[in-house]
Amino acid sequence: GFGSVNVQPSAFAKIAVLISLAHYLREWRGQLHQIPVLLKSLAIPGVMVSFIIIEPDFGTTLIISTLCFFMLVTAGMKKSHILKLMSVLLVLGTIVLFSADYRRRRLFNFLDPWSVRTGEGYQIIQSWIALHEGGFWGKGLGNSVSKRQFLPEPWTDFIAAVIGEELGFIGILAIILLFAGFLWRGFYIASKAKDAFSMYLATALTLMIVGEAGFNLGVVMGVVPPKGLVLPFISYGASAMMANMLAVGLLLSISS
């Protein structure tokens, strides 16, 4: 925080890591099968991730690791290396997940939110109620009841629950289709990119935005554990909005 202004550095760190890794992979294109080259590519996100996990911010660490993994796969990483890296990430992720009490508690509460319905399970239960009340067509724009002191901070992570209540299943489906269109267009830009750097970066940036949207909607629907990820371009949050707009600007630059 800087007075009344709050900044989330990791929102921009994600893009910085992706740009750096895409540049490195372009420089060493076709040589990713070499162990030294692979280890150096892993060190690029590794340095940033080590700082972010200390915050602690397990969610952003997981996002950066996943995006970099997909970029390495796109760059032609060997299948044997893919399997080994997946195993290492799974083991390390499990260790980090269960190393903190609040992370373990969040996971177990996700499996049975009704057992803590007046505590940590309250928000997801209120989200379910909002989606249920919306039905197929919704209550109408502006007519949400959940956002009036029932659903905590509905303008951030759980904005989709309010949309579901006001615009119903149709509203949620429209959001999903919009992000599906974004995914298609982002991959199209990547497929037409003029060089490897642009292709790697466009693929990763597209997955970053669509992946965060999918995870946010999953949290709202109660199918994945809660994590403070916004719904891109819709949730309140200046750092996330600026970072996502920066990503779109890079995609448009690559496209042009």
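Conventions and cut-offs
Residues numbered from 1 in each chain as written. Predicted model: local features only at pLDDT ≥ 70, side-chain atom pairs only at ≥ 80, totals over all residues. Heavy atoms only, no water. Salt bridge = Lys/Arg side-chain N within 4 Å of Asp/Glu carboxyl O. Buried < 20%, exposed > 50% of the residue type's maximum accessible area, 1.4 Å probe, protein only. 1 Å grid on protein atoms, 1.4 Å probe; cavity = no way out; pocket = protein on both sides within 12 Å on 5 of 7 lines; lining within 4 Å. Points joined across faces, edges and corners; volume = space filled by probe spheres on them. Nonpolar A, V, L, I, M, F, W, Y, C, P; charged D, E, K, R; others polar. Helix = DSSP H or I, 4+ residues; strand = E, 2+ residues; numbered from the N terminus. Polar contact = N/O pair within 3.5 Å; in protein donor to acceptor, adjacent residues only side chain to side chain. Contact = heavy atoms within 4.5 Å. Expected span 1.5 Å × (residues − 1).

S.K.: Now, about the pattern of salt bridges: what can you tell me, with residues and values included?
M.R.: Following the criterion strictly, the structure yields five salt bridges and no others. Arginine 26 is paired through a salt bridge with glutamate 27; the nearest N and O atoms lie 3.1 Å apart. Overall, the relative accessible area of 46% leaves glutamate 27 in the partly exposed class. For the salt bridge of lysine 139 with glutamate 133, the shortest nitrogen-to-oxygen distance reads 3.8 Å. Look at lysine 139 and you get partly exposed, because its relative accessible area is 33%. Each of Glu133, Lys139 and Glu165 takes part in a single network of salt bridges with overlapping partners.

S.K.: How would you explain empty space enclosed by the protein if you had to name every residue and give the values?
M.R.: Counted by the stated rule, this structure contains two cavities of 30 Å³ or more. Empty space within the largest cavity amounts to approximately 40 Å³. A breakdown of the residues in the lining of the largest cavity according to their chemical character gives eight nonpolar, three polar and no charged. Put simply, the second largest cavity is a space of about 30 Å³.

S.K.: Could you give an account of the side chain of threonine 156, with specific residues and numbers?
M.R.: Tracing the backbone shows threonine 156 in the loop between α6 (122-134) and α7 (159-191). Side-chain polar atoms of threonine 156 contact the backbone oxygen of glutamate 153, separated by 3.0 Å. Among all residues touching threonine 156, those that are not within four sequence positions of it are Ser235 and Tyr236.

S.K.: Please set out helix α3 (residues 58-74) residue by residue, giving values where relevant.
M.R.: Its 17 residues place the ends of α3 24 Å apart at the C-alpha level, agreeing with the 24 Å of an ideal helix rising 1.5 Å per residue. Taken as a whole, α3 has its buried residues at Phe58, Gly59, Thr60, Thr61, Ile63, Ile64, Leu67, Cys68, Phe69, Met71 and Leu72. Turning to α3, the residues buried within the fold contact α1 (9-27), α2 (35-54), α4 (79-99), α5 (101-111) and α8 (196-221). Directly beyond the C-terminal end of α3, a positive phi value near 100° is found at glycine 76.

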